[in-house]
Amino acid sequence: MKIQVWSDYVCPFCYIGKRELEMALEETGFASQAEVEFKAYQLDPNTPVGTTETIHDALAKKYSATPEAMKQQSEGITARAAEVGLEYHFDNMHPENTFKAHRLAKYAATVGKEKELTERLLKAYFTENKRIGDETVLVALAKEVGLEEDAVKSALQDERFAAETLVDMQEAQQIGVRGVPFFVINDKYAVSGAQPNDVFTKAIQQVAEEENLKPTLKMFGDDSASCDGDNCKF
């Protein structure tokens, strides 16, 4: 099954939704049969690179609220993240422009590292509070997941990956995405937001039934005391 995920690296519910999806795929036994593709989306394309403004102050301006109110709201999100094993630290977080990060992810996909880089970027922002709008930081994170430094620097300047990023955003508009995370399964079903595990589970099982997919068996014990045709293990 094919699952497309529109998300942004500074969206707290995107990381939570990603984890909920992964857990549902594992629990239903379809993780190995799912092709997950991440699609670019920017919550605020106008975010300045390198701003020193805190995330609480930025959100307070955006929603005409107080920083204290935004901090209280972030505590609830932090608690929700903890439910799926994620650790958030909003107090040391800053707004980030994520266009270069999305651009880098497009390159990573061409060398089979999209999954690893996506996870690394999300953890870097929400858990480690790294400045993922900064090119130097992006290069360092890319190297951590096995990408070559020179290739990464080149990709961050390559208009091909910038164009692919913009195509994702245009596609989101065309299909009516109004917020992220947004999941499209087999170009047929959509899940909007970081829904509870059972919502993802039902959607996955529905698609599996329609496509006549069987879940991977969950193994107990090891493979000792068995024969595989060429030899027997004792």
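Our structure's up above, just so we're on the same page.
Residues numbered from 1 in each chain as written. Predicted model: local features only at pLDDT ≥ 70, side-chain atom pairs only at ≥ 80, totals over all residues. Heavy atoms only, no water.

Student: Whenever I open this one, the packing of helix H1 (residues 12-28) against helix H5 (residues 114-126) confuses me. Can you help?
Tutor: When two helices pack together, you describe them by how their axes are tilted relative to each other and by the distance separating the axes. One can describe the packing of H1 onto H5 by two numbers: an axis separation of 11 Å at closest approach and a directional angle of 135 degrees. In terms of orientation, H1 lies oblique with respect to H5. As H1 packs across H5, the resulting crossing turns out to be left-handed. Along its contact with H1, which presents Pro-12, Tyr-15, Lys-18 and Arg-19, the element H5 presents Thr-118, Glu-119, Leu-122, Lys-123 and Phe-126. The residue inventory of the contact of H1 with H5, partitioned by class, reads 4 nonpolar, 1 polar and 4 charged. (Axes fitted to C-alpha atoms, helices over the stretch in contact; angles between N-to-C directions. Helix = DSSP H or I, 4+ residues; strand = E, 2+ residues; numbered from the N terminus. Parallel < 35°, antiparallel > 145°, perpendicular 65-115°, else oblique. Left-handed = near helix turned anticlockwise from the far one by under 90°. Contact = heavy atoms within 4.5 Å. Nonpolar A, V, L, I, M, F, W, Y, C, P; charged D, E, K, R; others polar.)

Student: Just checking my understanding: could you explain the nonpolar core for this structure?
Tutor: The tendency in soluble globular proteins is for nonpolar side chains to be buried as a group. In this structure, Ile-16, Tyr-88, Leu-104, Leu-121, Ile-132 and Val-152 are the most contacted members of the largest nonpolar core, which totals 35 residues. Of all the secondary structure elements, the ones that give two or more residues to this core are H1, helix H3 (67-83), helix H4 (99-110), H5, helix H6 (135-144) and helix H7 (149-155). Considering each element in turn, this core owes the most residues, 6 residues, to H5. Not counting residues up to four positions away in its chain, the partners in contact with Leu-104 are Leu-117, Leu-138, Ala-142, Val-152 and Leu-156. Core analysis: the next-biggest nonpolar cluster, separate from the first, contains 17 residues, Leu-21, Phe-30, Phe-200 and Ala-208 among them. (Core = buried A, V, L, I, M, F, W, Y, C linked by side-chain atoms within 4.5 Å. Buried < 20%, exposed > 50% of the residue type's maximum accessible area, 1.4 Å probe, protein only.)

Keep in mind that these numbers describe shape and distance, not what the molecule does.
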